[in-house]
Amino acid sequence: MGDGAAHLIDHVLPSVPYRQWVVGFPFELNGPLAFQPGLLAAVERLVMDALSTWQKARAGVVGQVGGILVRHRFGGSLNLHIHDHLLLMDGVYVTGEDGNLRFQQTPPPRDEEMQDLANTLHRRLMCVFKRRELLQEPSDSNEEKQLDALSACGQVALSHGKRERRGPALSLVDEGDVEHPRGGMSASVDGLNVYASAPLDGRDRELMERVCRYLLRGPLAQKRLSERPDGMLAYRLKKPDRRGNTVLVLSPQELLMRLCSR
(Lines give C-alpha, C1' and ligand atoms only; values in the text may rest on other atoms or scores of the structure.)
Protein backbone atom coordinates (compact mmCIF):
# COMPACT_ATOMS: atom_id res chain seq x y z
CA MET A 1 0.00 0.00 0.00
CA GLY A 2 2.72 2.47 1.00
CA ASP A 3 5.05 1.61 -1.88
CA GLY A 4 2.21 1.71 -4.41
CA ALA A 5 0.99 5.10 -3.21
CA ALA A 6 4.52 6.54 -3.26
CA HIS A 7 5.05 5.27 -6.83
CA LEU A 8 1.80 6.84 -8.04
CA ILE A 9 2.61 10.20 -6.45
CA ASP A 10 6.25 10.30 -7.61
CA HIS A 11 5.96 8.86 -11.11
CA VAL A 12 2.36 8.63 -12.36
CA LEU A 13 -0.07 11.32 -11.24
CA PRO A 14 0.60 14.93 -12.35
CA SER A 15 -0.30 17.87 -10.12
CA VAL A 16 -3.76 18.65 -11.51
CA PRO A 17 -7.24 18.50 -9.92
CA TYR A 18 -8.80 15.06 -9.42
CA ARG A 19 -12.03 13.50 -8.26
CA GLN A 20 -12.37 10.17 -6.52
CA TRP A 21 -15.10 8.03 -8.08
CA VAL A 22 -16.72 4.92 -6.65
CA VAL A 23 -18.84 2.61 -8.80
CA GLY A 24 -20.78 -0.07 -6.91
CA PHE A 25 -22.58 -2.89 -8.71
CA PRO A 26 -25.97 -4.49 -7.92
CA PHE A 27 -25.77 -7.07 -5.12
CA GLU A 28 -27.01 -9.93 -7.27
CA LEU A 29 -24.08 -9.44 -9.68
CA ASN A 30 -21.41 -9.82 -6.99
CA GLY A 31 -21.18 -13.60 -7.40
CA PRO A 32 -20.52 -13.66 -11.17
CA LEU A 33 -18.18 -10.67 -10.96
CA ALA A 34 -16.21 -12.17 -8.06
CA PHE A 35 -15.35 -15.48 -9.70
CA GLN A 36 -15.25 -14.75 -13.45
CA PRO A 37 -12.08 -12.70 -14.08
CA GLY A 38 -12.83 -12.16 -17.77
CA LEU A 39 -16.27 -10.78 -17.00
CA LEU A 40 -14.94 -8.46 -14.29
CA ALA A 41 -12.19 -7.17 -16.59
CA ALA A 42 -14.77 -6.43 -19.31
CA VAL A 43 -17.00 -4.58 -16.83
CA GLU A 44 -14.09 -2.49 -15.55
CA ARG A 45 -13.08 -1.55 -19.09
CA LEU A 46 -16.69 -0.48 -19.58
CA VAL A 47 -16.57 1.68 -16.43
CA MET A 48 -13.30 3.37 -17.37
CA ASP A 49 -14.43 3.98 -20.95
CA ALA A 50 -17.81 5.39 -19.89
CA LEU A 51 -16.29 7.81 -17.38
CA SER A 52 -13.56 8.92 -19.78
CA THR A 53 -16.05 9.48 -22.61
CA TRP A 54 -18.38 11.37 -20.26
CA GLN A 55 -15.54 13.60 -19.06
CA LYS A 56 -14.39 14.40 -22.60
CA ALA A 57 -17.94 15.27 -23.69
CA ARG A 58 -18.35 17.67 -20.77
CA ALA A 59 -15.06 19.41 -21.58
CA GLY A 60 -16.38 20.41 -25.01
CA VAL A 61 -12.93 20.07 -26.60
CA VAL A 62 -10.82 17.29 -28.05
CA GLY A 63 -8.60 16.09 -25.24
CA GLN A 64 -7.33 13.18 -23.21
CA VAL A 65 -8.39 12.00 -19.76
CA GLY A 66 -6.13 10.14 -17.34
CA GLY A 67 -6.50 8.30 -14.06
CA ILE A 68 -6.30 4.99 -12.27
CA LEU A 69 -8.84 2.30 -11.36
CA VAL A 70 -8.44 0.14 -8.24
CA ARG A 71 -10.65 -2.88 -7.72
CA HIS A 72 -12.04 -3.50 -4.24
CA ARG A 73 -13.51 -6.92 -3.46
CA PHE A 74 -14.46 -6.21 0.14
CA GLY A 75 -16.72 -4.11 2.33
CA GLY A 76 -16.19 -2.70 5.79
CA SER A 77 -17.31 -5.92 7.55
CA LEU A 78 -15.16 -8.39 5.60
CA ASN A 79 -18.05 -9.02 3.22
CA LEU A 80 -17.64 -9.77 -0.46
CA HIS A 81 -18.52 -6.51 -2.19
CA ILE A 82 -17.19 -5.86 -5.68
CA HIS A 83 -16.79 -2.15 -6.45
CA ASP A 84 -14.33 0.08 -8.24
CA HIS A 85 -12.49 3.12 -6.91
CA LEU A 86 -11.17 5.52 -9.53
CA LEU A 87 -8.95 8.56 -9.22
CA LEU A 88 -9.59 10.55 -12.38
CA MET A 89 -8.34 13.92 -13.51
CA ASP A 90 -11.09 16.50 -13.15
CA GLY A 91 -10.61 17.72 -16.70
CA VAL A 92 -8.74 16.97 -19.92
CA TYR A 93 -5.35 17.62 -21.46
CA VAL A 94 -5.58 19.52 -24.75
CA THR A 95 -2.89 20.41 -27.26
CA GLY A 96 -2.38 24.13 -27.69
CA GLU A 97 -1.48 25.97 -30.88
CA ASP A 98 2.16 25.85 -29.84
CA GLY A 99 2.01 22.07 -29.64
CA ASN A 100 2.28 21.99 -25.85
CA LEU A 101 -0.19 20.25 -23.60
CA ARG A 102 -2.28 22.25 -21.18
CA PHE A 103 -4.83 21.09 -18.63
CA GLN A 104 -8.43 22.31 -18.81
CA GLN A 105 -10.59 21.63 -15.75
CA THR A 106 -14.23 20.75 -16.33
CA PRO A 107 -17.09 22.41 -14.40
CA PRO A 108 -18.70 20.56 -11.47
CA PRO A 109 -21.21 17.94 -12.65
CA ARG A 110 -24.89 18.65 -12.20
CA ASP A 111 -27.32 16.21 -10.59
CA GLU A 112 -28.93 15.37 -13.92
CA GLU A 113 -25.53 14.67 -15.49
CA MET A 114 -24.67 12.27 -12.68
CA GLN A 115 -27.98 10.49 -13.15
CA ASP A 116 -27.44 10.25 -16.92
CA LEU A 117 -24.01 8.72 -16.24
CA ALA A 118 -25.51 6.17 -13.83
CA ASN A 119 -28.19 5.27 -16.41
CA THR A 120 -25.54 4.81 -19.10
CA LEU A 121 -23.38 2.60 -16.88
CA HIS A 122 -26.36 0.47 -15.85
CA ARG A 123 -27.58 0.04 -19.43
CA ARG A 124 -24.14 -1.00 -20.68
CA LEU A 125 -23.60 -3.30 -17.71
CA MET A 126 -26.87 -5.10 -18.40
CA CYS A 127 -25.88 -5.47 -22.06
CA VAL A 128 -22.66 -7.23 -21.05
CA PHE A 129 -24.52 -9.66 -18.78
CA LYS A 130 -27.24 -10.35 -21.36
CA ARG A 131 -24.68 -10.93 -24.09
CA ARG A 132 -22.99 -13.53 -21.88
CA GLU A 133 -26.38 -15.02 -20.88
CA LEU A 134 -25.72 -14.38 -17.19
CA LEU A 135 -29.07 -12.80 -16.32
CA GLN A 136 -31.03 -15.86 -15.21
CA GLU A 137 -34.53 -15.95 -13.81
CA PRO A 138 -34.85 -17.29 -10.23
CA SER A 139 -35.31 -21.06 -10.19
CA ASP A 140 -38.33 -22.66 -8.52
CA SER A 141 -36.40 -25.86 -7.97
CA ASN A 142 -35.90 -26.99 -4.38
CA GLU A 143 -32.74 -28.87 -5.26
CA GLU A 144 -29.67 -27.62 -3.45
CA LYS A 145 -26.80 -26.67 -5.70
CA GLN A 146 -23.51 -28.32 -4.85
CA LEU A 147 -20.88 -25.63 -4.31
CA ASP A 148 -17.15 -26.00 -4.78
CA ALA A 149 -14.83 -24.80 -2.02
CA LEU A 150 -14.30 -21.31 -3.42
CA SER A 151 -18.01 -20.78 -4.12
CA ALA A 152 -18.80 -21.87 -0.57
CA CYS A 153 -16.34 -19.26 0.73
CA GLY A 154 -18.04 -16.70 -1.46
CA GLN A 155 -21.47 -17.54 -0.06
CA VAL A 156 -20.17 -17.01 3.47
CA ALA A 157 -18.54 -13.70 2.48
CA LEU A 158 -21.74 -12.46 0.83
CA SER A 159 -23.67 -12.90 4.07
CA HIS A 160 -23.85 -10.29 6.82
CA GLY A 161 -22.72 -12.82 9.42
CA LYS A 162 -23.52 -12.87 13.12
CA ARG A 163 -23.42 -9.42 14.69
CA GLU A 164 -23.65 -8.18 18.25
CA ARG A 165 -23.88 -4.90 20.09
CA ARG A 166 -20.69 -5.01 22.16
CA GLY A 167 -19.04 -1.70 22.92
CA PRO A 168 -18.69 1.20 20.49
CA ALA A 169 -18.07 0.95 16.77
CA LEU A 170 -14.83 2.31 15.37
CA SER A 171 -15.45 5.96 16.22
CA LEU A 172 -12.30 7.25 14.57
CA VAL A 173 -11.59 6.13 11.00
CA ASP A 174 -8.04 6.96 10.00
CA GLU A 175 -8.84 7.85 6.42
CA GLY A 176 -12.39 9.09 6.88
CA ASP A 177 -11.55 12.40 5.24
CA VAL A 178 -10.68 10.67 1.98
CA GLU A 179 -13.29 7.90 2.19
CA HIS A 180 -16.29 10.22 2.19
CA PRO A 181 -15.05 13.79 1.70
CA ARG A 182 -17.56 16.60 1.91
CA GLY A 183 -19.17 17.99 -1.20
CA GLY A 184 -19.53 14.69 -3.05
CA MET A 185 -22.34 13.74 -5.42
CA SER A 186 -24.03 10.43 -6.11
CA ALA A 187 -26.61 8.77 -8.34
CA SER A 188 -28.06 5.29 -8.52
CA VAL A 189 -30.26 3.10 -10.67
CA ASP A 190 -31.46 -0.44 -9.87
CA GLY A 191 -28.66 -1.23 -7.44
CA LEU A 192 -25.83 0.43 -9.38
CA ASN A 193 -24.32 3.35 -7.49
CA VAL A 194 -22.00 6.09 -8.74
CA TYR A 195 -20.26 8.48 -6.35
CA ALA A 196 -17.99 11.42 -7.21
CA SER A 197 -16.06 13.33 -4.56
CA ALA A 198 -15.46 17.04 -4.50
CA PRO A 199 -12.35 18.11 -6.46
CA LEU A 200 -9.02 17.18 -4.88
CA ASP A 201 -6.08 19.54 -5.19
CA GLY A 202 -3.43 17.51 -7.00
CA ARG A 203 -0.74 19.94 -5.84
CA ASP A 204 -1.32 18.76 -2.26
CA ARG A 205 0.84 15.67 -2.57
CA GLU A 206 0.33 14.66 1.05
CA LEU A 207 -3.44 14.55 0.55
CA MET A 208 -3.05 12.70 -2.74
CA GLU A 209 -0.83 10.10 -1.11
CA ARG A 210 -3.43 9.52 1.61
CA VAL A 211 -6.06 9.02 -1.07
CA CYS A 212 -3.83 6.55 -2.92
CA ARG A 213 -3.09 4.65 0.29
CA TYR A 214 -6.83 4.43 0.93
CA LEU A 215 -7.43 3.08 -2.58
CA LEU A 216 -4.67 0.47 -2.21
CA ARG A 217 -5.52 -0.71 1.30
CA GLY A 218 -6.11 -4.38 2.11
CA PRO A 219 -9.41 -5.99 3.19
CA LEU A 220 -8.46 -6.65 6.82
CA ALA A 221 -7.62 -4.00 9.43
CA GLN A 222 -5.80 -5.98 12.11
CA LYS A 223 -6.35 -3.34 14.80
CA ARG A 224 -10.10 -3.96 14.49
CA LEU A 225 -9.75 -7.74 15.04
CA SER A 226 -9.52 -9.37 18.49
CA GLU A 227 -9.95 -12.82 20.00
CA ARG A 228 -12.61 -13.43 22.63
CA PRO A 229 -12.19 -15.70 25.68
CA ASP A 230 -14.49 -18.29 24.04
CA GLY A 231 -12.17 -18.61 21.02
CA MET A 232 -14.43 -16.65 18.67
CA LEU A 233 -13.18 -13.55 16.90
CA ALA A 234 -14.65 -10.05 17.11
CA TYR A 235 -14.22 -7.57 14.24
CA ARG A 236 -15.26 -4.00 15.07
CA LEU A 237 -17.41 -2.27 12.46
CA LYS A 238 -16.61 1.24 11.30
CA LYS A 239 -20.12 2.34 12.17
CA PRO A 240 -23.17 0.66 13.73
CA ASP A 241 -25.39 -1.25 11.33
CA ARG A 242 -29.14 -0.64 10.99
CA ARG A 243 -29.86 -2.63 14.16
CA GLY A 244 -27.19 -0.86 16.19
CA ASN A 245 -24.74 -3.77 16.13
CA THR A 246 -21.10 -2.78 16.38
CA VAL A 247 -19.19 -6.08 16.16
CA LEU A 248 -19.03 -8.91 13.63
CA VAL A 249 -18.60 -12.20 15.53
CA LEU A 250 -17.05 -15.07 13.57
CA SER A 251 -15.10 -18.25 14.03
CA PRO A 252 -11.50 -18.54 12.80
CA GLN A 253 -12.77 -20.78 9.99
CA GLU A 254 -15.32 -18.18 8.88
CA LEU A 255 -12.63 -15.50 8.90
CA LEU A 256 -10.48 -17.63 6.60
CA MET A 257 -13.44 -18.35 4.32
CA ARG A 258 -14.19 -14.64 4.02
CA LEU A 259 -10.56 -13.83 3.24
CA CYS A 260 -10.33 -16.67 0.68
CA SER A 261 -13.13 -15.06 -1.35
CA ARG A 262 -10.90 -12.00 -1.87
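Everything numeric in this text was worked out from a predicted model, so none of it was measured.

About the criteria used
- Residue positions within a chain follow its written sequence, with the count starting from 1.
- For this predicted model, a pLDDT threshold of at least 70 governs which residues receive local features, and a threshold of 80 or more governs which side-chain atom pairs are given and counted, while totals over whole chains, interfaces and linings are taken from all residues.
- Side-chain measures were taken over the full set of non-hydrogen atoms in the model, leaving aside hydrogen atoms and water.
- Here a helix means four or more residues in a row that DSSP labels H or I, a strand means two or more in a row labelled E, and each is numbered from the N terminus.
- Using a 1.4 Å probe on the protein chains alone, a residue whose accessible area is under 20% of its type maximum counts as buried, one over 50% counts as exposed, and one in between counts as partly exposed.
- A 1.4 Å probe and the Shrake-Rupley method give the accessible areas. Residues count as covered only by the protein chains that appear here.
- Only buried residues count toward a nonpolar core. Its members are Ala, Val, Leu, Ile, Met, Phe, Trp, Tyr and Cys residues joined through side-chain atoms within 4.5 Å.
- By definition in these notes, contact holds between two residues if any of their heavy atoms fall within 4.5 Å.
- Pairing between strands requires that DSSP locate at least two bridges from one strand to the other.
- All axes are obtained by fitting lines to C-alpha atoms, using only the stretch in contact for helices, and the reported angles, taken between N-to-C directions, cover 0 to 180 degrees.
- By definition, pLDDT measures how confident the predictor is in each residue, and it falls between 0 and 100.
- Angle categories are assigned with fixed cut-offs, so that under 35 degrees is roughly parallel, over 145 is roughly antiparallel, 65 to 115 is roughly perpendicular, and the rest are oblique.
- Handedness of a crossing follows from how the near helix is turned relative to the far one, being left-handed for an anticlockwise turn of less than a right angle and right-handed for a clockwise one.
- In this classification, the charged set is Asp, Glu, Lys and Arg, the nonpolar set is Ala, Val, Leu, Ile, Met, Phe, Trp, Tyr, Cys and Pro, and all remaining amino acids, among them Gly, are polar.
- Any two rings among Phe, Tyr and Trp, with Trp reduced to its six-membered ring, count as a pair given centres within 6.5 Å; such a pair is stacked if its planes are under 30 degrees apart, edge-to-face if over 60, and tilted if neither.

Asker: Quick one: what's the story with the overall build of the protein chain, residue by residue and with numbers?
Answerer: The number of helices and strands found in the protein chain is 8 helices and 11 strands. For the protein chain, buried positions account for 44% of its 262 residues. Only carbon and sulfur atoms are counted for the fraction: they give 50% of the accessible area of the protein chain, which is about 14700 Å².

Asker: Lay out unusual backbone geometry with the relevant residues and their values.
Answerer: Residues other than glycine seldom take positive phi values, yet Leu-78 does so here, at roughly 60°. Its place among the elements puts Leu-78 in the loop between strand 2 (67-74) and strand 3 (80-89). According to the relative accessible area criterion, Leu-78 is buried, its value standing at 0%. The phi dihedral of Asp-190 falls on the positive side, at around 50°, and the residue is not glycine.

Asker: Got a sec to walk through the nonpolar core? Specific residues and values, please.
Answerer: One finds Trp-21, Phe-25, Leu-33, Val-43, Val-47 and Leu-121 to be the most contacted residues of the largest nonpolar core, which totals 34 residues. Contributions of two or more residues to this core are made by strand 1 (18-24), helix 2 (30-35), helix 3 (37-59), strand 3, helix 4 (111-131), helix 5 (149-158), strand 7 (185-189) and strand 8 (192-196). With residues near it in sequence (within four places) discarded, Val-43 still touches Phe-25, Leu-33, Leu-125, Val-128 and Phe-129. Judged by nonpolar contacts, the second largest core, of 17 residues, contains Ala-5, Val-16, Val-211 and Tyr-214.

Asker: Residue-level account of the pairing of strand 5 (residues 101-105), with values.
Answerer: The sheet contact formed by strand 4 (residues 91-95) and strand 5 spans 5 bridges and is antiparallel. The residue of strand 5 that forms the bridge with Tyr-93 is Phe-103. Here strand 4 hands over to strand 5 after 5 residues, with Gly-99 in that stretch at a positive phi of 85°.

Asker: Describe the sheet that holds strand 8, listing the residues and the values that go with them.
Answerer: The antiparallel open sheet is built from 5 strands, whose spatial order is 2-3-1-8-7. Either end of the sheet is taken by a strand with one partner, and the two such strands are strand 2 and strand 7. Each adjacent strand pair in this sheet contributes to an overall mean axis angle of 15°, direction not counted. Note that strand 7 and strand 8 share 5 bridges and pair antiparallel.

Asker: Got a sec to walk through the confidence of the model for the protein chain? Specific residues and values, please.
Answerer: Residues with a pLDDT of 70 or more make up 89% of the protein chain, whose mean pLDDT is 87. Per-residue pLDDT stays below 50 along residues 171-178; that stretch engages in 10 contacts with residues further than four places along the chain or on separate chains.

Asker: Just give me the short version of the sheet that holds strand 9 (residues 225-227), but keep the residues and values in it.
Answerer: An order of 6-11-10-9 is seen for the 4 strands of this open sheet, with the pairing classed as antiparallel. Looking at strand neighbours, the two that pair on one side only are strand 6 (162-164) and strand 9, the edges of this open sheet. Going from strand to strand, the sheet's axes swing by 30° on average, the running direction of each strand aside. As paired elements, strand 6 and strand 11 (residues 247-250) share 3 bridges and run antiparallel to each other.

Asker: Outline the pairing of strand 2, supporting the account with residue identities and numerical values.
Answerer: Note: strand 2 against strand 3, 7 bridges, orientation antiparallel. Within the sheet, the bridge partner assigned to Phe-74 lies in strand 3 and is Leu-80. Remark: 5 residues form the turn of the hairpin made by strand 2 and strand 3, two consecutive strands paired antiparallel; Leu-78 in that turn has positive phi of roughly 60°.

Asker: Pulling in residues and values, what's your account of the packing of helix 1 (residues 2-12) against helix 7 (residues 205-215)?
Answerer: Axis separation between helix 1 and helix 7 bottoms out at 9 Å; the angle between their running directions is 135°. Between helix 1 and helix 7, the crossing angle belongs to the class labelled oblique. Viewed along their axes, helix 1 and helix 7 form a crossing whose handedness is right-handed. Taking contact as the criterion, the partners of Gly-2, Ala-5, Ala-6, Leu-8 and Ile-9 in helix 1 are, on helix 7, Arg-205, Met-208, Glu-209, Cys-212 and Arg-213. For the contact of helix 1 with helix 7, the per-class residue count stands at 6 nonpolar, 1 polar and 3 charged.

Asker: Any details on the packing of aromatic side chains? Residues and values, ideally.
Answerer: Going through the model one piece at a time under the given rule, you end up with 2 aromatic pairs. Taken together, a centroid distance of 5.5 Å and an interplanar angle of 85° make the contact between Trp-21 and Trp-54 edge-to-face. On the criterion of sequence distance, the pair formed by Trp-21 in strand 1 and Trp-54 in helix 3 is long-range, its members being 33 residues apart. Here the aromatic rings of Tyr-93 and Phe-103 are separated by 5.3 Å at their centres, their planes lie at 70°, and the arrangement is edge-to-face. With Tyr-93 in strand 4 and Phe-103 in strand 5, the pair connects residues that are 10 residues apart, well separated along the chain. With relative accessibility at 22%, the residue Tyr-93 sits in the partly exposed group.

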